[in-house]
Amino acid sequence: MSETMLAALTNIRTAEDMIVAFRDEAQCRRLLESMVWPAGRVCPACGYKRSIAIAGRDMGKRRAHPGLYQCSSGGCRFQFTVTTHTPLHSTKLPLRVWLKGMWLMLRGRKRSTEYPEDACHGDRAATR
Ligand SMILES: [Zn+2]
């Protein structure tokens, strides 16, 4: 089996992994949270390391949406999600769209370092 085919198969497997990993918003949120907070949740307003999940709680007019947390620091009580203070927060795109985009970008970068000769294909004919 050629290296190219092996690489292609590896990519297909990774893509399937990606589809499973990004299958729904709750899963994407958990994944994103583990990326943003590898050592546990941190309040983006004050940096306090303790917060509570308030998703689904009655907040008067509406219910708290999934992934909403509240800082446990007495003077802060800031409510935040994993995307607070990130460019993702202002968009209405589903998290899975962002994660897929990021994954594709990372894969593209990995490829260009693994196969640097790909970048030279255009020059090869001219120098021959
Ligand atoms: Zn706080």
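Predicted model, so just to flag it, every value in this text is computed and none were measured.

**Structural notes on the overall build of the protein chain**
Next up, step 1: The helix and strand inventory of the protein chain stands at four helices and three strands.
Next up, step 2: The buried share of the protein chain, taken over its 128 residues, is 9%.

**With respect to the confidence of the model for the protein chain**
Next up, step 1: Summing up the model confidence of the protein chain, the mean pLDDT is 74 and the portion of residues at 70 or higher is 72%.
Next up, step 2: Per-element mean pLDDT across the protein chain ranges from 52 in helix α4 (residues 121-127) up to 96 in strand β2 (residues 69-71).
Next up, step 3: Low confidence marks residues 1-12, where pLDDT is under 50. Its contacts with residues over four positions away, or in another chain, come to one contact.

**Notes on the environment of Asp24**
Next up, step 1: Structurally, the position occupied by Asp24 is in the loop between α1 (3-21) and α2 (25-36).
Next up, step 2: Taking the C-alpha atoms as reference points, Asp24 and Pro94, 70 residues apart in sequence, are found 9.3 Å from one another.

**Focus: the nonpolar core**
Next up, step 1: Judged by nonpolar contacts, Cys28, Leu32, Val82, Leu95 and Leu99 together constitute the single largest core of five residues.
Next up, step 2: Sorting the residues of this core by element identifies α2 and α3 (95-114) as the ones contributing at least two each.
Next up, step 3: If we skip the residues at most four places from it in the chain, Leu32 touches Val82, Leu95 and Leu99.

**Topic: the sheet that holds strand β3 (residues 79-80)**
Backbone hydrogen bonds are what pair the strands of a sheet, in a parallel or an antiparallel way.
Next up, step 1: Sheet architecture is open: three strands sit in the order β1-β2-β3, paired in antiparallel fashion. Looking at strand neighbours, the two that pair on one side only are β1 (51-53) and β3, the edges of this open sheet.
Next up, step 2: In the sheet, β2 pairs with β3 via two bridges, with the strands oriented antiparallel. Of the residues in β3, the one forming a bridge with Gln70 is Gln79.

**Quick notes on the environment of Ser34**
Next up, step 1: Tracing the backbone through its elements, the reader meets Ser34 in helix α2.
Next up, step 2: The spacing of Ser34 and Val82 is 48 residues in sequence and 9.4 Å in space, taken between C-alpha atoms.

**Points about unusual backbone geometry**
Next up, step 1: At Arg77, a position not held by glycine, the phi torsion is positive, near 55°.
Next up, step 2: Relative to the assigned elements, Arg77 resides in the loop between β2 and β3.
Next up, step 3: According to the C-beta neighbour criterion, Arg77 is partly exposed, with 13 such atoms within 10 Å.

**Considering the environment of Arg96**
Next up, step 1: You can see Arg96 is positioned in helix α3.
Next up, step 2: Sequence-wise, Arg96 and Leu31 are 65 residues apart; in three dimensions their C-alpha atoms are separated by 10.0 Å.
Next up, step 3: Excluding residues that lie within four positions of it along the chain, Arg96 makes contacts with Phe22, Glu25 and Cys28.

The rules behind each value
Residues numbered from 1 in each chain as written. Predicted model: local features only at pLDDT ≥ 70, side-chain atom pairs only at ≥ 80, totals over all residues. Helix = DSSP H or I, 4+ residues; strand = E, 2+ residues; numbered from the N terminus. Buried ≥ 20, exposed ≤ 12 C-beta atoms within 10 Å, placed from the backbone. pLDDT = per-residue confidence, 0-100. Contact = placed C-beta atoms within 7 Å. Core = buried A, V, L, I, M, F, W, Y, C linked by C-beta atoms within 7 Å. Pairing = 2+ DSSP bridges.

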